[in-house]
Amino acid sequence: MAIIDIEQKALLLIVDDSPDVLAFLHGLLRDEFRIKAASDGEGALRIANQTPAPDLILLDVMMPGMGGHAVCQQLKQNPALQDVPVIFLTGQEDVNDEIAGFEAGAIDYIHKPVSAPVLLARIRTHLALKSANDFLQNQNVYLENEVARRTQEVLAIQDGIIITMASHAETRD
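Residues numbered from 1 in each chain as written. Predicted model: local features only at pLDDT ≥ 70, side-chain atom pairs only at ≥ 80, totals over all residues. Heavy atoms only, no water.

Caption draft 1: Spotlight on the overall build of the protein chain. Summing up its helical and strand segments, the protein chain has five helices and five strands in all. Written out in order from the N terminus, the α and β elements of the protein chain read β-α-β-α-β-α-β-α-β-α. Its C-alpha atoms give the protein chain a radius of gyration of 24 Å, clearly above 16 Å, the size a compact globule of 173 residues would have. Buried positions account for 35% of the 173 residues belonging to the protein chain. Pairs at least 24 residues apart make up 58% of the contacts formed inside the protein chain by residues separated by at least 6 positions. Surface summary for the protein chain: the accessible area is close to 10,200 Å², and the carbon and sulfur share equals 57%. When the 13 positive and 25 negative side-chain charges of the protein chain are each reduced to one mean point, those points stand 6 Å apart. (Helix = DSSP H or I, 4+ residues; strand = E, 2+ residues; numbered from the N terminus. Rg over C-alpha atoms; globule rule 2.2 N^0.38 Å. Buried < 20%, exposed > 50% of the residue type's maximum accessible area, 1.4 Å probe, protein only. Contact = heavy atoms within 4.5 Å. Areas by Shrake-Rupley, 256 points an atom, 1.4 Å probe, with all protein chains shown as cover. Lys, Arg positive; Asp, Glu negative; His and termini not counted. Charge placed at Lys NZ, Arg CZ, Asp CG, Glu CD.)

As structure tokens, then:
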């Protein structure tokens with residue numbers, strides 16, 4: 001869970017078995033984002049598990065071998081990758097396919113042919129949401145640590161007060 005550095009471009013993983021789609025998306029996104037690409041599900045999982053992990057994944061649904069739904073399910077089972085947003089790209093327009101995609105863990109669904117302004121807007125939106133979510137999770141960890149630290153301070157003060165009161169009671173006797 002790393003907050004996206006505004007100074008550094010977000011890292012996108014594009015997964016599609018069509019070289020033409022990969023080339024189109026790479027050309028469209030390369031000026032604004034860092035890009036890694038895979039042409040199959042196994043390659044996508046291999047790249048996703050590298051450091052640094054992608055900030056967002058564009059994933060084709062229909063691929064030979066391991067399909068997009070199976071890839072997404074495996075990504076979501078990995079604690080290090082479960083918060084990475086996955087946007088499905090597909091030529092299919094079946095509502096049941098969309099439902100299966102959301103059940104697999106996707107955060108959005110875009111139909112091919114991809115509209116460049118729509119794709120860019122959705123990527124930016126999901127990256128902003130991820131960044132805000134990561135910030136809140138980091139704040140929660142910080143606050144939990146701060147509460148634990150202050151609780152220890154209170155306990156130390158309490159112990160000091162008890163010792164002082166016991167000593168004071170002893171001297172009065």
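Next, the rest of the story.
Caption draft 2: Here's a closer look at the packing of aromatic side chains. In the structure shown here, the tally under the stated rule is two aromatic pairs. When the ring of Phe102 is compared with that of Tyr109, the centres are 6.0 Å apart and the planes differ by 50°; the resulting orientation is tilted. Residue classification places Tyr109 among the buried positions, given a relative accessible area of 5%. Members of the aromatic cluster, connected to one another through ring pairs, are Phe88, Phe102 and Tyr109. (Phe/Tyr/Trp six-rings, centres within 6.5 Å; stacked < 30°, edge-to-face > 60°.)

Caption draft 3: Spotlight on the nonpolar core. Judged by nonpolar contacts, the single largest core of 22 residues is most densely connected at Leu13, Val15, Ile57, Leu59, Val71, Leu75 and Phe88. If you list the elements that add at least two residues to this core, you get strand S1 (11–15), helix H2 (41–48), strand S3 (56–60), helix H3 (68–77) and strand S4 (86–90). No other element matches the four residues that H2 contributes to this core. Ignoring anything within four residues of it in the chain, the contact list for Phe88 reads Leu59, Val61, Gly68, His69, Cys72, Gly101, Ala106, Asp108, Tyr109 and Ile110. Counting 18 residues, the second largest nonpolar core, distinct from the first, contains Leu25, Leu119, Leu120 and Ile123. (Core = buried A, V, L, I, M, F, W, Y, C linked by side-chain atoms within 4.5 Å.)

Caption draft 4: Highlighting the pairing of S4. Within S4, five of the five residues are buried, which leaves the element mostly enclosed by the surrounding structure. Going residue by residue along S4, you find Val86, Phe88 and Thr90 tucked away on one face and Ile87 and Leu89 tucked away on the opposite face as well. Direction of pairing for S3 relative to S4: parallel, over a ladder of four bridges. Bridge pairing in S4 places Leu58 opposite Ile87. (Pairing = 2+ DSSP bridges.)

Caption draft 5: Geometry of the pairing of S1. Within S1, five of the five residues are buried, leaving the element largely enclosed by the surrounding structure. Burial along S1 is two-sided: the face carrying Leu11, Leu13 and Val15 and the face carrying Leu12 and Ile14 are both buried. In this view, the connection linking S1 to its parallel neighbour strand S2 (residues 34–38) by way of helix H1 (residues 19–29) has right-handed handedness. Here S1 runs beside S3; their pairing, made up of four bridges, is parallel. Looking across to S3, one finds that Leu12 is bridged to Leu56. (Right-handed = clockwise from strand over helix to strand, strands pointing away.)

Caption draft 6: Main features of helix H4 (residues 95–104). For H4, the complete set of buried residues consists of Asp97, Gly101 and Ala104. Here the buried residues of H4 occupy an arc of 65° about the axis, which is enough to place them on one side. Exposed and facing more than 90 degrees away from the buried side of H4 are Val95, Asn96 and Glu103. Its side-chain oxygen at 3.2 Å from the backbone nitrogen of Asn96, Asp94 defines the N-terminal cap of H4. At the C-terminal side of H4, Gly105 shows a positive phi close to 120°. (Arc of directions from axis to C-beta. Polar contact = N/O pair within 3.5 Å; in protein donor to acceptor, adjacent residues only side chain to side chain.)

Caption draft 7: Region of interest: the pattern of salt bridges. Scanning the entire structure with this criterion turns up eight salt bridges. Between Asp16 and Lys112 there is a salt bridge, with its nearest N and O atoms 2.6 Å apart. Placement of Asp16 in the loop between S1 and H1 and of Lys112 in the loop between strand S5 (108–111) and helix H5 (116–172) is noted, with a sequence separation of 96 residues between them. Residue Asp16 is classed as buried on the basis of its relative accessible area of 1%. (Salt bridge = Lys/Arg side-chain N within 4 Å of Asp/Glu carboxyl O.)

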